[in-house]
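A structural walkthrough
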Amino acid sequence: MSKSISDGVGHLERSINWKQGLAIALGVPLLILPSLGYLPMYMAAAAILVWGLSVIQGFIQNAAYAEMATTFPKASGLPGFAQHVFRTENFKGKYDKGKLIGGFSAWSYWFAWNPVLAIFAILVGGYLHGLFPVLAETFTEYQLALISGLVIFTGLFIVNWFGLKDGAILGYILAAVSLIPLVILTVAPFATGHVDFANITGNWWPTDWAWDMHHILILFGIFAIAQWSACGWETAAIYAPEYKNPSKDVPKALFACGIICFLSYVMVQASVIGVLGVEGVMAEPVSPLIPVAQAVFGEAGSIVTIIMLIAAMILIIQTAYLGSSRALHSMTTEGNLPKVFGKTNRHGTPFIALLVTAAFNLVLISMGSLSAILAAAAIGYTCANGISLFAYVRAKKNPAFASLERPFKAPKGWKNVAMIFGLFNLPLCLIGVVYLNSQEIGWTSTWLGFLVLALYIPIWFYSQRESGRWDNEATAANSSDIDSENDAEDLEQVPTSR
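Report on the accompanying structure. All of these numbers come straight from a predicted model, not from anything done at the bench.

Observations regarding the overall build of the chain
- Looking only at helices and strands, the chain features 19 helices and 0 strands.
- Going through the 498 residues of the chain one by one, you find that 57% of them count as buried.
- Expressed as a percentage of contacts within the chain between residues at least 6 apart in sequence, the contacts between residues at least 24 apart total 83%.

Printed below as a string of structure tokens:
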């Protein structure tokens, strides 16, 4: 059972092992679905290489994150340790700039994961609209997306009300329903001879590609979009405060998920391009797995695929729902958000954070544009990764953290590698994704991303004033207790008259 601490923020429970953490994070391999037809539009068959390199980037970044998550086991993974490292210890002023930077990193991470709920609710609505004619006659795709989001978010809230352990059980179930058929659908085209390798080797690079500034900026933008999916398995570390043995559970869950991601991302994209060709993928940019299933298994296969994909999307939503709510809770714990976001129930579930996350995504669904929401989320993710890698470098250099026990250690000299990839994220990928957005869908997603990120500033200043009030009340209460004790001692020393 969780215990409330004096400032009103609840503790998370240590209730899961690495296998359960992996089960919850298994939604990440399925994050390729929104971009499965998007990357080949720009990169042709080289999209396969981009996915592979992006997962390798995830291994490089997550080696640093695993070290930090085990060094600060009470911090909630990537958003938690960044806040802890940047804040100024024993700060006496009113506003700690380091605390603001760490909090902004966590806020960016929350915004990166949060829209996953809206993106896949929209996809679920679209698939239901195409699968069931009765629903298509009654509801629009937007209405089905809103209904789907409301039903899925409510169901997941109820399941996760009883703690992370039950969320892991749901992860096991959905992983079996979605990942196994996905593996079959990926491998079957190779086994049955439906993959034409000429579709890959003959279309490896776009015919109009040139290594000029325009295409280089697009490439950085593509990597920003790809890493939103392919590096997302760092979410397995966000449950550090809830692992029974974080020093061993965190790296096991992380790297097991990474291996699964590498195999699935490369194979799924290769299978789709191998069967359909680049032009065939571009003809079905939202759901290219459906014509693959029709080619291999016939019409019945496409129906099974849609059902499997819906289950997969629920698994992804579950992963994002838990990850983003933990990010909000960690920000509250560090004093970077109003304390109401940190309230937990008796099972240790941050239920206010869950409710806020669901409500925010119902608003995002109203936008209706997958590409705009994804592009905005990618802006947050590049910021979160860049700042978190800089936090790792700071933790390695700062003498204040030198004596801390590090149960898992990244290879020697990894701070230099982390610095390089931190700069790759900030500013290169950030500039790239903004440029890519401006070329493709205008400035809507860019302004949305920066607007949501900027909202953190006034919220943070409010939370600092709130923390100041808490500190003043606590000081006053302590002073009152001391005065009462002194008065009691004085009364004991006064002689009584007879």
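Description of helix α3 (residues 47-71)
- Here α3 spans 36 Å end to end across 25 residues, near enough to the 36 Å set by a 1.5 Å rise per residue.
- Asn 62 marks the point of greatest bend in α3, at about 30°.
- Within α3, 21 of the 25 residues are buried, leaving the element largely enclosed by the surrounding structure.

Considerations on the environment of Ala 25
- Structurally, the position occupied by Ala 25 is in helix α1 (residues 18-25).
- If we skip the residues at most four places from it in the chain, Ala 25 touches Thr 235, Ala 236, Cys 257 and Thr 319.

As for the packing of aromatic side chains
- Scanning the entire structure with this criterion turns up 24 aromatic pairs.
- Ring plane angle 85° and centroid distance 5.7 Å describe the contact between Phe 72 and Phe 401, whose orientation is recorded as edge-to-face. Note that Phe 72 is positioned in the loop between α3 and α4 (77-86) and Phe 401 in the loop between α16 (370-397) and α17 (414-440), a separation of 329 residues in sequence. For the pair shown, Phe 72 and Phe 401 are each scored as buried.
- Taken together, a centroid distance of 6.1 Å and an interplanar angle of 50° make the contact between Phe 190 and Phe 197 tilted.
- These aromatic residues form a ring-pair network of at least three members: Phe 104, Trp 107, Trp 110, Phe 360 and Tyr 456.

Some remarks on the environment of Ser 15
- Mapped onto the elements of the fold, Ser 15 is located in the segment before α1.
- Sequence separation of Ser 15 and Glu 242 is 227 residues, and the distance between their C-alpha atoms is 5.7 Å.

As for the state of the cysteines
- As enumerated under the stated definition, the model contains 0 disulfides in all.
- Looking at the unpaired Cys 261, the closest cysteine sulfur is the one in Cys 257, lying at 4.3 Å.
- Cysteine Cys 429 is unpaired, with the sulfur of Cys 231 as its nearest cysteine sulfur at 9.1 Å.

So, empty space enclosed by the protein
- Under the defined criterion, the tally for this structure stands at 2 cavities of 30 Å³ or more.
- For the largest cavity, the calculated volume is near 50 Å³.
- Lining the largest cavity are Leu 33, Pro 34, Leu 36, Leu 123, Tyr 127, Val 286, Ser 287, Pro 288, Leu 289 and Leu 309.
- Taken as a whole, the second largest cavity encloses approximately 30 Å³ of empty space.
- In terms of lining, the second largest cavity is formed by Leu 31, Ala 112, Trp 113, Val 116, Trp 228 and Tyr 381.
- Tallied by class, the residues present in the lining of the second largest cavity amount to 6 nonpolar, no polar and no charged.

Some details on helix α11 (residues 213-230)
- In this model α11 runs 25 Å from its N-terminal to its C-terminal C-alpha over 18 residues, within 8% of the 26 Å that 1.5 Å per residue would give.
- Within α11, 15 of the 18 residues are buried, which leaves it mostly tucked inside the rest of the structure.

Things to note about the nonpolar core
- Residues Leu 31, Leu 39, Met 43, Phe 120, Ile 222 and Tyr 265 are the most contacted members of the largest nonpolar core, which totals 159 residues.
- In this structure, Phe 120 is in contact with Leu 30, Leu 31, Leu 33, Pro 34, Met 313, Ile 316 and Ile 317, ignoring residues within four places of it in sequence.

As for the pattern of salt bridges
- Here the structure, examined in full by the defined rule, presents 5 salt bridges.
- Measuring nitrogen to oxygen at the nearest pair gives 3.1 Å for the salt bridge that ties Lys 396 to Glu 67. Of the two residues, Lys 396 sits in helix α16 while Glu 67 sits in helix α3, which places them 329 residues apart along the sequence.
- Connected through salt bridges with shared partners, the residues Glu 67, Lys 396 and Arg 406 form a single ionic network.

Cut-off values and rules
Residues numbered from 1 in each chain as written. Predicted model: local features only at pLDDT ≥ 70, side-chain atom pairs only at ≥ 80, totals over all residues. Heavy atoms only, no water. Helix = DSSP H or I, 4+ residues; strand = E, 2+ residues; numbered from the N terminus. Buried < 20%, exposed > 50% of the residue type's maximum accessible area, 1.4 Å probe, protein only. Contact = heavy atoms within 4.5 Å. Expected span 1.5 Å × (residues − 1). Bend = angle between axes of the 7 residues up to and from the residue. Phe/Tyr/Trp six-rings, centres within 6.5 Å; stacked < 30°, edge-to-face > 60°. Disulfide = S-S within 2.5 Å. 1 Å grid on protein atoms, 1.4 Å probe; cavity = no way out; pocket = protein on both sides within 12 Å on 5 of 7 lines; lining within 4 Å. Points joined across faces, edges and corners; volume = space filled by probe spheres on them. Nonpolar A, V, L, I, M, F, W, Y, C, P; charged D, E, K, R; others polar. Core = buried A, V, L, I, M, F, W, Y, C linked by side-chain atoms within 4.5 Å. Salt bridge = Lys/Arg side-chain N within 4 Å of Asp/Glu carboxyl O.

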